[in-house]
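# Tertiary structure, described
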Amino acid sequence: MSLNGILLTLILLTTSSLAISQTNCVTQLTDINYIMNSKKQGLLRFEKSNANTDFTYQSEQAFSDYLSFAYQHILAANPRASMPCPILTDTYQLLAKQQQRTSPPNIVDLIAPFELRQNNNHKAVLLIHGLTDSPFTYHDLAQIYFQQGYTVRTLLLPGHGTAANALNSINARQLQQATDYAIKRTIKDFDQVILGGYSTGAALLLNYLTVEPVDPKITALMLFSPATEPHNKNGWLAKWIDRIPFLDWIDKDADIDFAKYESFTFNAATAADDVMRSIALPELIKRQLPNLAIFSVMSDIDTTIDTRASLQLLSALHDVKIRPANSLDTLVFYGDQTTITSDFPKDYRVLNPQCKNATCKNIHGISHIAVVNSPDNPYYGIAGAYRNCGSYLDDDTLYKQCKTTEKPNIGERTAENIAAFPTFQRLTYNPYFTEQALYIKQFIKQLEGSQDNQ
């Protein structure tokens, strides 16, 4: 080989190595060719190994042991676990300061369950994520609780944190078992405990609180886009379709979102449906309702969960004879407040933020997935690189346009919005997050004030 040929080869090798070294969870989001190949071929849809999933979820096991197990499980099974991911949320920087994480982070560091620690065991909040999600869901909300003096714990539900095909091996019982462990362990470790759940996580908490005797250490329940009843009323069919050989997937996406599965299986839909059926009103009203203050957040046009069913559930829980603590019940309702039915309790505190700045203008409804994320979130926020284009899984042209157009329309993916706009991105952040944070702090202040007066 000539000298020029050798030099050219060295340049190509160096350029290739540099490109590989620069690839991270953010730069992949701008590589439309990789995204389309991943969507078509399922490059990130499958776990890289059959990693150990054997954690017994016995309350005698220390939470630190659980955190270590979950971290190692993600490392072993997630195909991108060791990929650099320069997403420095405030929560991540605090975890690094507490020497629980290194900086800069890899993907595993951001999606593994975490514990933001105070210097005491006085009070804690336990946060349970939703189906297809990860504890990254709570990186923004965690700051609110930590600033109020709470240790913040999160859980990674079974079948999560690795790849979407792991959802083929989960069921509602396993999700509930993990949730029960985290609750009981946290009660052992702290004097006061607030429970918080997003979507399916909210349903798992509510099921626990209406089946198990409620420990007096548990002081409140906080529900974010609670999974009560699916917006699609055909969800019950999933368990029957799942029995058809080789028919596993409802949605096949690129799974380029490091913090949340984008592809979705029939088995996952079955598990979600079973969890929601466990708190269905006909079942719930037969149980002893917990005497806890309840704080809830939901959108009027949620296309994942039926908002009317969620309102009915809150109404049923708001029973002064059974729950004297209901005087603190609070609902943050995004959208048209007149859609709340007339039979909703008149004494319920309903907060309905209105758009007053540029952050919320030109946003077409608050989505199911948006309520937990701040506009300042470096990944899901206004300036974040990630775009949710799941409305166009069957149309590659529109999917590409959604991923690449300079200014996509943003909001909840209702049929009306999809029809009205040429490309539509599902909203991934809450433009009212600052107000929501204030409401949470006010609720906690009232909660703790009522405890002091007892």
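In what follows, the structure referred to is the one given above.
Residues numbered from 1 in each chain as written. Predicted model: local features only at pLDDT ≥ 70, side-chain atom pairs only at ≥ 80, totals over all residues. Heavy atoms only, no water.

## As for the environment of Gly196
Here is the rule we go by: Each helix is a run of H or I in the DSSP string that is no shorter than four residues. Each strand is a run of E no shorter than two, and both are numbered from the N terminus. Whether two residues are in contact is decided by their heavy atoms: any pair within 4.5 Å suffices.
Mapping Gly196 onto the fold places it in strand β4 (residues 192-198). Considered as a pair, Gly196 and Thr154 are 42 residues apart in the sequence and their alpha carbons are 9.5 Å apart. If we skip the residues at most four places from it in the chain, Gly196 touches Leu126, Leu127, Ile128, Tyr138, Leu205 and Met222.

## Digging into the packing of helix α7 (residues 172-189) against helix α8 (residues 200-211)
Stated precisely, the cut-off is as follows: Axis definition: a line fitted to C-alpha atoms, limited for helices to the stretch in contact. Angles are taken between N-to-C directions and run from 0 to 180 degrees. Each angle gets one of four labels, with under 35 degrees taken as roughly parallel, over 145 as roughly antiparallel, 65 to 115 as roughly perpendicular, and the rest as oblique. Left-handed describes a crossing whose near helix is turned anticlockwise from the far helix through less than a right angle; right-handed describes the clockwise counterpart.
Packing of α7 against α8 leaves a shortest axis separation of 10 Å and a crossing angle of 65 degrees. As judged from the angle between their axes, α7 and α8 are roughly perpendicular. The hand of the α7/α8 crossing is right-handed. Only Leu204, Leu205, Asn207 and Tyr208 of α8 make contact with α7, whose side of the interface consists of Leu175, Gln176, Thr179, Asp180, Ile183, Lys184 and Ile187.

## Here we look at the side chain of Gln100
In plain terms, the rule: The buried label goes to any residue with under 20% of its type's maximum accessible area, the exposed label to any with over 50%, and the partly exposed label to all in between, with areas taken from a 1.4 Å probe on protein chains only. Polar contact is the term for a pair of N or O atoms within 3.5 Å; when the atoms are in protein, one must be able to donate a hydrogen and the other to accept it, and sequence-neighboring residues count only if both atoms are side-chain atoms.
You can see Gln100 is positioned in the loop between α4 (90-97) and α5 (107-111). The buried category is assigned to Gln100, whose relative accessible area is 18%. Separated by 2.8 Å, the side chain of Gln100 and the backbone oxygen of Glu115 make a polar contact. What Gln100 contacts, discounting residues up to four positions off in sequence, is Leu95, Glu115 and Arg117.

## Description of the nonpolar core
Note the threshold: Only buried Ala, Val, Leu, Ile, Met, Phe, Trp, Tyr and Cys residues count toward a nonpolar core, and they belong to the same one when joined by side-chain atoms within 4.5 Å.
Within the largest apolar cluster, 94 residues are counted, with the highest numbers of intra-cluster contacts made by Tyr66, Leu195, Phe258, Leu314 and Leu331. Residue contacts for Leu331: discarding those within four places in its chain leaves Ser296, Met298, Leu311, Leu314, Ile340, Phe344, Tyr348, Arg349, Val350 and Leu351. Membership of the second largest hydrophobic core comes to 44 residues, among which are Val125, Ala293, Phe295 and Phe433.

## Let's talk about the pairing of strand β9 (residues 330-334)
Convention followed: Two strands form a pair only when DSSP identifies at least two bridges running between them. For crossovers, right-handed means that the path from the first strand over the helix to the second runs clockwise, given strands pointing away from the viewer.
Counted residue by residue, β9 has 5 buried out of 5 residues, so it is predominantly covered. Bridge analysis of strand β8 (residues 293-299) against β9 gives 5 bridges, and the strand direction is parallel. Bridge pairing links Ser296 to Leu331 in β9. What joins β8 to β9 is helix α12 (residues 307-317), and the crossover it makes is right-handed. Pairing between β9 and strand β10 (residues 349-351): 3 bridges, direction parallel. Residue pairing for β10: Thr330 is matched across the bridge by Arg349.

## Brief notes about helix α10 (residues 266-277)
The cut-off we apply is this: One fewer than the residue count of a helix, multiplied by 1.5 Å, yields its expected span.
Taking 1.5 Å per residue as the helical rise, α10 with its 12 residues ought to reach 16 Å, and the 16 Å between its terminal C-alpha atoms agrees with that figure. A large share of α10 lies buried, amounting to 10 of its 12 residues. Those residues of α10 lying buried are Phe266, Asn267, Ala268, Ala269, Thr270, Ala271, Ala272, Asp273, Val275 and Met276.

## Considering the pairing of β8
By the criterion of burial, β8 is predominantly enclosed, with 7 of the 7 residues buried. What you see with β8 is no split at all: Ala293, Phe295, Val297 and Ser299 on one side and Ile294, Ser296 and Met298 on the other are buried throughout. Note: strand β5 (residues 218-224) against β8, 5 bridges, orientation parallel. The residue of β8 that forms the bridge with Ala220 is Ala293.

## With respect to the state of the cysteines
The condition is simple: Whenever a pair of cysteine sulfur atoms sits within 2.5 Å, that pair is classed as a disulfide.
Inspection of every chain in the model, using the stated rule, returns 3 disulfides. One disulfide in the model links Cys355 with Cys360; its S-S distance is 2.1 Å. Measuring handedness by torsion sign, the sulfur bridge of Cys355 and Cys360 sits at about 95 degrees and is right-handed. Cys355 sits in the partly exposed class, given a relative accessible area of 37%. Assessed through its relative accessible area of 7%, Cys360 is described here as buried.

## Remarks on the packing of aromatic side chains
Any pair of aromatic rings gets described here by the distance separating the centres and the angle formed by the planes. We count it as follows: Ring geometry is summarised as follows: Phe, Tyr and Trp rings, the Trp one being its six-membered ring, pair when their centres sit within 6.5 Å, and such pairs are stacked at plane angles under 30 degrees, edge-to-face over 60 and tilted between the two.
Under the counting rule described, the total for this entry stands at 20 aromatic pairs. Aromatic pair Tyr57 and Tyr181: ring centres 5.9 Å apart, planes at 65 degrees, arrangement edge-to-face. Taken together, the residues span a long stretch of sequence, with Tyr57 in the loop between α2 (32-41) and α3 (63-77) and Tyr181 in helix α7 at a distance of 124 residues. The exposure class of Tyr181 is buried, given its relative accessible area of 1%. Pairing Tyr66 with Tyr181 gives two aromatic rings, centres 6.0 Å apart and planes at 55 degrees, and the pair type is tilted. Residue Tyr66 is located in helix α3, and its partner Tyr181 is located in helix α7; the two are separated by 115 residues in the primary sequence. The two residues Tyr66 and Tyr181 agree in class, both being buried. A connected cluster of aromatic rings, assembled from ring pairs, spans Phe55, Tyr57, Phe63, Tyr66, Phe69 and Tyr181.

## Brief notes about the sheet that holds strand β2 (residues 123-128)
The 8 strands are arranged β1-β3-β2-β4-β5-β8-β9-β10 in an open sheet whose pairing can be described as mixed. On the outer flanks of this sheet lie β1 (115-116) and β10, each paired with one strand and no other. Taken together, the 2 bridges between β1 and strand β3 (residues 151-155) define a ladder with antiparallel strand orientation. Residue pairing for β3: Glu115 is matched across the bridge by Arg153. Across the sheet, α7 is in contact with β2, β3, β4 and β5; its angle to β3 comes to roughly 160 degrees.

## Section: the packing of α2 against helix α13 (residues 396-404)
For clarity, the cut-off: Here the nonpolar group is Ala, Val, Leu, Ile, Met, Phe, Trp, Tyr, Cys and Pro; Asp, Glu, Lys and Arg are the charged ones; every other residue, Gly included, is treated as polar.
At a closest axis distance of 11 Å, the pairing of α2 and α13 adopts a crossing angle of 140 degrees. By the angle class used here, α2 and α13 are oblique. Between α2 and α13 the crossing geometry is right-handed. Only Asp396, Tyr399, Lys400, Lys403 and Thr404 of α13 make contact with α2, whose side of the interface consists of Ile32, Ile35, Met36 and Lys39. The residue inventory of the contact of α2 with α13, partitioned by class, reads 4 nonpolar, 1 polar and 4 charged.

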